[in-house]
Every structure is written in structure tokens, then in C-alpha cells.
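Listed here are the chains, written in short residue letters.
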Amino acid sequence: MIGPSGPGVPGIVRHGAVGPLPRTTGRQIVVLADTGEDTPVDWARVGLHSVADSRDFADGDVPPEAMQDAEATVFSALGIAVVTAEPGQLGLLQTAEAAGRPVLSVSPELVHHVLPGAPPEAGGYTAGYRDGVADLAARLLAPPAPRAPAAAARFEDTAQATWGVQAVRADASARTGRGIRVAVLDTGFDAAHPDFAGRTIAARSFVAGEDAQDGHGHGTHCIGTACGPRTPSTGPRYGVAHEAEIYAGKVLGTDGSGTDAGILAGINWAVTSRCPVISMSLGADVAQAHPPYSAAGRRALQQGSLIIAAAGNNADRRSGNPGFVGAPANSVEIMAVGALDQALEMAYFSARSLPARGGQVDVAAPGWEVYSAWPMPTRYNTISGTSMATPHVAGLAALWAEATGRRGLELWATLLQESERLLQPSVDAGSGLAVAPQ
Amino acid sequence: MTHVSVTVDDGHLAALDGVVQGLRARGMQVDQVLDGLGIITGSVPPGAAGALTAVDGVVSVDEQLAVQLPPPEAPVQ
């Protein structure tokens, strides 16, 4: 709700202790509850009798004169009304005794202005061009800037939780992923790992001649990050969605290799098993989107399954090579995840967006020095990669799926909408750091 | 043999059997029919993949990609 004390109201100078207060019109903005029924508000209760409804006008187009004449104007499609009344007068609509449609909030109508900017005088464009050329020339002629010093770490592993679990705020979330199936398509899972005793785990191998047991470690590590326990018997918490149902699909063999056939079979199994979240920490360094993955991603979304894939580790930012997002993450229909370090800066290996459609990094997550489960007897391991960032987002997707009931593209949009923006280029970090619902 | 993934168009998702028959008739050894995704995987003799695009309902025929993780002891995976 926009109120007079809200920050960053468009067109209003930010008002601190000495700043101007936002101007108001004297009218009130009333937000009506979503009742699902067309119950009118009991306007008469607060002495309002002249009420205009947007449905009484062609195309819902209420002319300004009508708004001035009416004491209350209801925008039916929005569930919002503009009302001429004293602030206290409308409080009666929010009491339990009020008949009719409930009122969620009443706020003063604000006066908005065009955002202050360069005046549109004739010389503006030319001056801007001049400034741009001057800036470009200065950059080209300047000696190379020294590499920026590494930023200070903002997070570190503690006895309670890994830095990644803290950074995505999973440890502060009341959500657990309960009731949400998370498929991790990887090298399988160590079914003997004590941290997962008692958990609901469906394991399946799509690699010929191998069972679902993890003979590499990568898959167990990724499952640990996405779905590890809230309180392991030893060491810090490393898992995000600690009550999610685990679907461990082995699509990469003990040697770490796999092909489309096994990966697509794993996706098919996860979609058919109605997993809302499919985590794929795998990829090939090809710049073109691979049509089967695009089709699989699209059809998975249509059936309520969101595929989240690693952007890739083919960058070496230390030597100026930003890399590129590989397949399957470079399909439009598949979410691509970049890797962050403890300073919430890009890990040196994290691949950058391709210019082609679909080739963008969508979101970022912890992928540097990530502590998680490893096949026994080793039990835990700390490794880095966009492979480690991806299951953080998968676990977060499970939390959001639980919190909102959203699936598919809606779940995708929620993850991006809710992500914390970072001072990193969008080509590297997409919408920023994925975070948990609070 | 070349391993391929055949993507089927939306109009043939409910009629994958017919597409499979068409692919077999053009020399494809069909390994999996992924009915949840509308994708059929298998293999064809070298040079025969192009002929599969003529089958009614086929959107694309792509040689399968291979994925390879670094070894377990690698610091970046």
C-alpha cells in the first residue's frame, strides 16, 4: 500500500526529516477485498450516495468529469474505488459490522508528477550526444583501470548454516517445501546418507547398466543443497527445502557423463510424476539452443513443472573471458542460474548471457565454496560451480511453490519478481539473488 | 549409428504411435517414446537422420548432445 510514509513514491521528492511531504488530493483510495462475488460495498453506511461504477461506462472508460461528480468511483476490474470523504469517515467500512464487500485498505490519494529529468529543450539531444562521445573518448584514451579489489564477503559459513542458506534467507523462512516434489536429475543419490534417513525419496536410474546409487558425488551434493535437512546430526544446515519430497533421477553415470536420451527420459519421469521443480546441474558448452530441450521445457511448463538449469562454468573472468550460457539452460523455456560468491559477486567461472533469445542468465544463487552432502563415508564436501547455485534455486522454487501454490511460468515469474537485485550486470546475474519467502 | 532426439509437434502429441511407425519405416531404431514431452529418442545409420524430418508430425531431428561433468575431486563442477 502506498502511504504518505512509504519510500520512493514516484514523482515525489524523498521526504526525510526535512523533505516535503507528498501532496494529497483530499480523496481516499479504497482497496476492496477479493470476494469472488459481485457484492457491492455498503457505501450508504458512510453517507455516500452518488457512486459511479466503471461498468456503467463503455469499455470501463470513466471520464474525469464523472469522477469529479461522483462521491465514489468504483473501478470494478481492479477492485479499487476513489472516494471523496474524510479519512476517518471510511474507517466504518473496515469494521466487522459493515455489510457488503469488505474493505482491505484506505489511503490518501497522492498527487503524482512526471519524474524530474532533463527538460525537453531543443538542445537536449545534442548535448546528450556530446556528453556520450566525450565519455567514450575518455574511456578509450584512459589507461586501463586497475582491477577492482575483491569486495568484502557478506556471508560466511557458521555452525548453524552455510553461507548459501543464509544468503538466500532459507534459514529465516517458515516454508519447508512440504508437499512439493523436487526432481534432481544428476548422478543419482547416496541412499545410505544418514542426513536423509526417514525422508520420502523416489530414486530412478536412466543410465543403462547402473542403479540410482550415486557413484560420483555431484548428485548427492546437489540434492543436499536443494532438499537437505534443517538440522543435520552434525555440522551446519546446508539444505533449502528440508521437507520437500526428493525425486532423484540418475541421468549421468558414475563417470559423470550422459546424453540427451537419459536426460530427456529423466525430465519425462519428473513431469509425469508431477514434480513442480526439476533441477538440472548439467550442460554442454554449445551456444545454440537445442530444440529437444526447448520442447521439453515448454511442455514441462504447460504441465506445471519448472526446469531450472546451470548457466555453465565456461567463463574465466580472471582472464577476461565471460563465457556463454550452454544447453539446456540457453533454451527460452528453461531457467538459467549463475553463481555468486560470498560477496554476492559473480564467481569467476559463471557463464554470461548469450545475445540470442533464451540465452540469458535468469537469476543467480550461491555457487562458490558450497558445503553439502557427499556419498558416505566422506559425508560432506565443499565445491563450487553453477551446478551448486542451481539446486539453491530449485529449493527456493519449492518454498515458493508451497507458499503461493503457483506452478510453471507463474512460479518462474515469482522467483524473478522476488529476487534481490544486485550490483552485478544483468547479463551475469539476471534478476539477482533468488531468495526465500518470509 | 547416430543417436538422435526427434521432437514431435503439438498436433501429434496424442498420436505418437503413428509418428513412431513413420520413423521406423525410415530406418530409425526407436529406443524411447517420451509421451510426457512429445520426444522420441533412438538411433539411425550415419546420414539417415535427415530423412526423418519428412515424417508427418516431426518438428526437428537433432543429434544427441553429450554432457560430461568434471571428476569428483575437481574444485569447480
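If you're wondering where the values come from, they're calculated on a predicted model, not measured in any experiment. (Residues numbered from 1 in each chain as written. Chains lettered and ligands numbered in written order. Predicted model: local features only at pLDDT ≥ 70, side-chain atom pairs only at ≥ 80, totals over all residues. Heavy atoms only, no water.)

Topic: the sheet that holds strand β1 (residues 2-8) of chain B
The strands making up a sheet associate through hydrogen bonds between their backbones, and the pairing can be parallel or antiparallel. Residue and element names in this part refer to chain B. The four strands are arranged β2-β3-β1-β4 in an open sheet whose pairing can be described as antiparallel. In the strand order of this sheet, the two ends are held by β2 (29-34) and β4 (58-63), each with one partner. Averaged over neighbouring strand pairs, the angle between their axes works out to 20 degrees when direction is ignored. Of the strand pairs in this sheet, β2 and strand β3 (residues 39-44) are connected by five bridges, and their pairing is antiparallel. Within β3, the residue paired with Val-33 across the bridge is Ile-40. Lying on the sheet, helix α1 (residues 16-25) is in contact with β1, β2, β3 and β4; it crosses β2 at an angle near 160 degrees. (Pairing = 2+ DSSP bridges. Helix = DSSP H or I, 4+ residues; strand = E, 2+ residues; numbered from the N terminus. Axes fitted to C-alpha atoms, helices over the stretch in contact; angles between N-to-C directions. Contact = heavy atoms within 4.5 Å.)

Regarding the pattern of salt bridges
Residue and element names in this part refer to chain A. This model, assessed by the stated rule, comprises 13 salt bridges over all chains. Between Arg-181 and Glu-245 there is a salt bridge, and its shortest N-O distance comes to 3.4 Å. Taken as a pair, Arg-181 in strand β6 (residues 181-186) and Glu-245 in strand β8 (residues 245-250) lie far apart in primary sequence, 64 residues in all. By relative accessible area, which is 30% here, Arg-181 ends up partly exposed. Linked by salt bridges that have partners in common, Arg-154, Arg-169 and Glu-420 make up one network. (Salt bridge = Lys/Arg side-chain N within 4 Å of Asp/Glu carboxyl O. Buried < 20%, exposed > 50% of the residue type's maximum accessible area, 1.4 Å probe, protein only.)

Thoughts on the UniProt feature "domain: Peptidase S8/S53" (unreviewed entry) in chain A
The positions that UniProt labels "domain: Peptidase S8/S53" (unreviewed entry) are, in the present scheme, residues 177-404 of chain A. As annotated, residues 177-404 of chain A has a helix share of 24% and a strand share of 21%, and its two end C-alpha atoms lie 11 Å apart. (UniProt positions renumbered as here; feature names shortened; annotations may be inferred.)

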